[in-house]
Structures are given as C-alpha cells and as structure tokens.
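# Structural characterization, general
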Amino acid sequence: MVDMTKELVQKMSPIRTFIRALPTQAKPSEPCLRLHLNRCPGPCRGGVDPTEYTKVIEEVCAFLGGEREDLLNRLRRQMFEASQNLNFERAAWLRDILRSADEVLIGQRLITGAVEANNLFIVYPSAKEGCNELFLIRHGRLVQQGCVPHEPEAMKQAIHELLAVAAQLGDPPSIVGKAEVDQINIISRWIHRHSDDRAFFPFQHALTNEDEAERLVERMWVEVEGVRALPIEVNAAEEMEDVERGGEM
C-alpha cells in the first residue's frame, strides 16, 4: 500500500523524487527525465518559485490525508479532454492513475476505520495449560500480549494493567508507518474472520470509568470461561501470536 501510494503521488503530482539537497544548499544539478516528461518542475536546477512548489506539496498532503479530492477531479477533467482531443494514450494513462487513486483511497479509509474501531481485548485459551492468552489491540495495532493464569485475580490484575496502558496511548498517531499499515491490515482481516467469536471485548468505554472497567472485567471472566470450552480456538490464539512475531495470517 505504501509503495503504491508513493508511485501514485509521483505520477499525479509534479514533485521531485530525488533526495539531494536543493539550491541554495547545493549546487544546481542536471535535471532527470521527469523534467522532460513534464512531471517535475526541476527544483534541482533552482529558480522554482518556493510558494508555488509549496502549494503542490500541500495539495499532495491534503490528498493523502483524505481532506479533498479536487486533485482527482482535475485528473478526470484532463482525461476527458485528452479523450476528446483523440489523445487516447494519455487518456488511458490518466484512467490508470485514477484507478490506482481509488485503490489507495479505499485502503486509506479501511486503515482509518480499523484505527478507530479496533480498540479491544482478545482472549483465548493458551496452549500453556491453565492459562489464557490476552491481547491488547489499540488503534488497530497489537500493543501488548501476555500469558495469564486462568484465575480471577490474575485476570483482573492483567486487564486493569492493560487498560492503563491503553489509556496512556491516548489519541491515535497522526502518521502510520509502512510496517504498521501491514499489521493493521492483518489484524483487521483477522478480526473480521473471527467476528462471531465471544473472545472480543471493546474497552473504550472502560478507559475513563472505573465502574465500567469493573463490569468489563466481570464480563470478560464469564465469557472466557465459555471460550475455554472451545479447544479449537487455541489455534486462533496461535494466529494472533503470529502477528506479534510479524508473520501473516
């Protein structure tokens, strides 16, 4: 997803792709092929208006943030104009860019939805006898995992400790790294696949209310007792551990 987004931005916006320092910090250099293809104004040569170039960067940032789609509207207009002018090669190129943009935007919305929705505990019987695997999912990410004895006090203490960890994380980070995108996608698909399980416990309401936290602990204990009667779900716990090790499910 990150590589696709990067490639898309380079196609749809006239921005530089090399990483050398720009004038005045460095001497002007020979422009690359992107200048001759009209896909970059050539800031490496110097002389590019910083204000105008900043507007391009802000437009890209706004698109990536899902704040506006006028960039896509402009590409659609260019595609229709190219088609009307019988420039079918350019029209096809713009069509492919728009399709890629749709894929990127859908992926962004899925990630955003997962970050907002996936704040929960997941509990499964452990492969270790007499224990449970307890997973903390916060902002769509696997934050912490532990093997906890299947005892009321041990479970209660572990849940309260993880609630404190979740509360400290606060709002989701504004930037999602490449590795995090992969993990969020994997966890989201896994949760969807096991959506009928009784092992999922949203905790958002318990972060700021002690009474809600106690009710959550009690409900989790009752549900875990039922889940432990389903030995097949140990496999699901092992799948979740694969996420922590960085594997795919």
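Everything in this summary refers to the structure shown in the same document. Position numbers for residues count from 1 along each chain, tracking the sequence in the order it is written. The model is predicted, so local features are restricted to residues of pLDDT at least 70 and side-chain atom pairs to those at 80 or more, both for listing and for counting; the totals for chains, interfaces and linings are taken over all residues. With hydrogens and water excluded, all non-hydrogen atoms of the structure serve as input to the side-chain values.

As a further point, take the sheet that holds strand E4 (residues 200-202). Between any two strands, at least two bridges found by DSSP are needed for them to pair. Only DSSP runs of H or I with at least four residues qualify as helices, and only runs of E with at least two residues qualify as strands; both kinds are numbered from the N terminus onward. Pairing is antiparallel in the open sheet, where four strands are placed in the order E3-E2-E1-E4. This sheet does not close on itself; its edge strands, each paired only once, are strand E3 (141-149) and E4. Taken over all neighbouring pairs, the strand axes of this sheet differ in orientation by 20 degrees on average, direction set aside. Bridging between strand E1 (residues 120-125) and strand E2 (residues 131-138) involves six bridges; their strand directions are antiparallel. Across the sheet, valine 123 pairs through a bridge with leucine 134, a residue of E2. Orientation is described by lines fitted to C-alpha atoms, with helices fitted over the stretch in contact, and by angles between N-to-C directions that extend from 0 to 180 degrees.

Checked against the element boundaries, serine 188 lands in helix H7 (residues 178-193). Overall, the relative accessible area of 26% leaves serine 188 in the partly exposed class. Expressed as a C-alpha distance, the spacing of serine 188 and arginine 141, which sit 47 residues apart in the sequence, is 9.1 Å. To sort residues, take the accessible area from a 1.4 Å probe on protein chains only and compare it with the maximum for the residue type: under 20% means buried, over 50% means exposed, and anything in between is partly exposed.

Quick look at the nonpolar core now. To define a nonpolar core, start from buried Ala, Val, Leu, Ile, Met, Phe, Trp, Tyr and Cys residues and group those joined through side-chain atoms within 4.5 Å. Within the largest apolar cluster, 20 residues are counted, with the highest numbers of intra-cluster contacts made by Phe121, Leu134, Ile159, Leu163, Phe203, Leu216 and Met220. Elements supplying a minimum of two residues to this core: E1, E2, helix H6 (152-169) and helix H8 (210-227). Here, residues are in contact when the closest pair of their heavy atoms is within 4.5 Å. Setting aside its immediate chain neighbours within four residues, leucine 134 contacts Phe121, Ile122, Val123, Gln144, Gln145, Gly146, Val148, Ala158, Ile159, Leu162 and Met220. The next biggest cluster of nonpolar side chains, apart from the first, holds eleven residues, and it includes Ile122, Tyr124, Ile187 and Phe200.

Turning to H6, a few remarks are in order. In this model H6 runs 26 Å from its N-terminal to its C-terminal C-alpha over 18 residues, within 8% of the 26 Å that 1.5 Å per residue would give. Those residues of H6 that fall on the buried side of the exposure criterion are Met155, Ala158, Ile159, Leu162, Leu163 and Ala166. Each buried residue of H6 sits inside an arc of 140 degrees when the element is viewed along its axis, so together they form one side. When the buried face of H6 is taken as reference, the exposed residues oriented beyond 90 degrees from it are Glu153 and Gln168. Immediately downstream of H6, the backbone of glycine 170 shows phi near 60 degrees, a positive value. Multiply 1.5 Å by the residue count of a helix minus one, and that product is the helix's expected span. In this context, the arc is that of the directions from the helix axis out to the C-beta atoms.

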